[in-house]
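These are the residues of each chain, in order.
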Amino acid sequence: MTLDLLDHAFLDRWNAFPATTTPQTTTPQTTAPQTTASRTATVPPLPTDFIGRLLDTAWQEWSTLADEIESARSRGRRAIAVVACERGAGCSTLIAALLRILRDRGRDAVSRDHAGLAENRSATESGPTHDKRIVLVDAGVWFPPGRIHRQRLMVASTGCDAAILVRKGSREAPASWGVALEAIGVEPLGEVISFATPVETTTGTGGMA
C-alpha cells in the first residue's frame, strides 16, 4: 500500500500567509539582537490546529492508513514502528495525526520512542491477553543510504512487530525494504510519501546485505 501527498499541508501552510518583505541588510556592528516580536513579524506562525489541517488535506488516505494499523493490531501486531530513510521525513507528525484518528475511533493508542519501547513493553506483556492497546513507535532512521544490513536492522527493530516506512517524495524507496523486514519477522504495513509534489505510486523491492 502506498499513500501519497499526506504532508502537503507542510508546504501549503506557507501559502496561507502573505509574503513578507525582505529585511534590509545591515552591518553586524549596527544590528541589534532580534527580539521575539521582530521574529514573529517575518516568520509565519504554525496554524492553531496544524494536525487538523494536515488530516483535512488528505482525509481518505489518513483513514486508510489508520484502517491498516487497526487491521495489523487484530493480527497481533502490537508495536508498530514508523521509520524513515533520513531525519526530518515527518515520522513524528505522522504519529501525532494517527494517534488523533485512532483515539477518535475509541482505540487505546499511545506513542513511544524506541528507547522507551522495551521498558514499557516488558511491563505490559504480562498483562491481560484482551489488551488491545496500539503502540506507535517513533523509531527513527532504519534505512539510511546504501545497502540494508541485516544485523543493524535487527537491532533497530527490537520490540517492534510491524513497520510503516516514511520517505520524502524526492527520495527513492530503499530496495527491498519490505522483504528485508519480513526476513527478520517484522511485517511491512506500507509506505507513506511525505512532501510529495507529483502523485507517486511506488513499491519497495530489492535485497538485503
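The sections below set out a description of the structure shown in this document. (Residues numbered from 1 in each chain as written. Predicted model: local features only at pLDDT ≥ 70, side-chain atom pairs only at ≥ 80, totals over all residues. Heavy atoms only, no water.)

We now examine the packing of aromatic side chains. Enumeration according to the criterion identifies 1 aromatic pair in this entry. Between the aromatic rings of phenylalanine 143 and tryptophan 177, the centroid separation amounts to 6.3 Å while the plane-to-plane angle is 70°, which identifies the pairing as edge-to-face. Here tryptophan 177 lies in helix 8 (residues 177-183) and phenylalanine 143 lies in the loop between strand 4 (134-141) and helix 7 (150-156), a separation of 34 residues in the sequence. According to the relative accessible area criterion, tryptophan 177 is buried, its value standing at 5%. Cation over ring: lysine 168 sits above phenylalanine 195, and NZ or CZ is 5.9 Å from the ring centre. (Phe/Tyr/Trp six-rings, centres within 6.5 Å; stacked < 30°, edge-to-face > 60°. Helix = DSSP H or I, 4+ residues; strand = E, 2+ residues; numbered from the N terminus. Buried < 20%, exposed > 50% of the residue type's maximum accessible area, 1.4 Å probe, protein only. Lys NZ or Arg CZ within 6 Å of the ring centre and 35° of its normal.)

Positive phi, normally seen in glycine, also occurs at serine 176, with a value near 55°. Serine 176 gets classed as buried once you look at its relative accessible area, which sits at 2%.

To continue, consider helix 4 (residues 59-74). The terminal C-alpha atoms of helix 4 lie 23 Å apart, and with 16 residues this matches the ideal 22 Å at 1.5 Å per residue to within 8%. Taken as a whole, helix 4 has its buried residues at Trp62, Ser63, Leu65, Ala66, Ile69, Glu70, Ala72 and Arg73. One or two positions beyond helix 4, positive phi appears at glycine 76, with a value near 95°. (Expected span 1.5 Å × (residues − 1).)

Note that serine 194 resides in strand 6 (residues 187-194). Exposure remark for serine 194: the relative accessible area of 0% places this residue in the buried category. From its side chain, serine 194 meets the backbone oxygen of alanine 89 in a polar contact 2.7 Å long. (Polar contact = N/O pair within 3.5 Å; in protein donor to acceptor, adjacent residues only side chain to side chain.)

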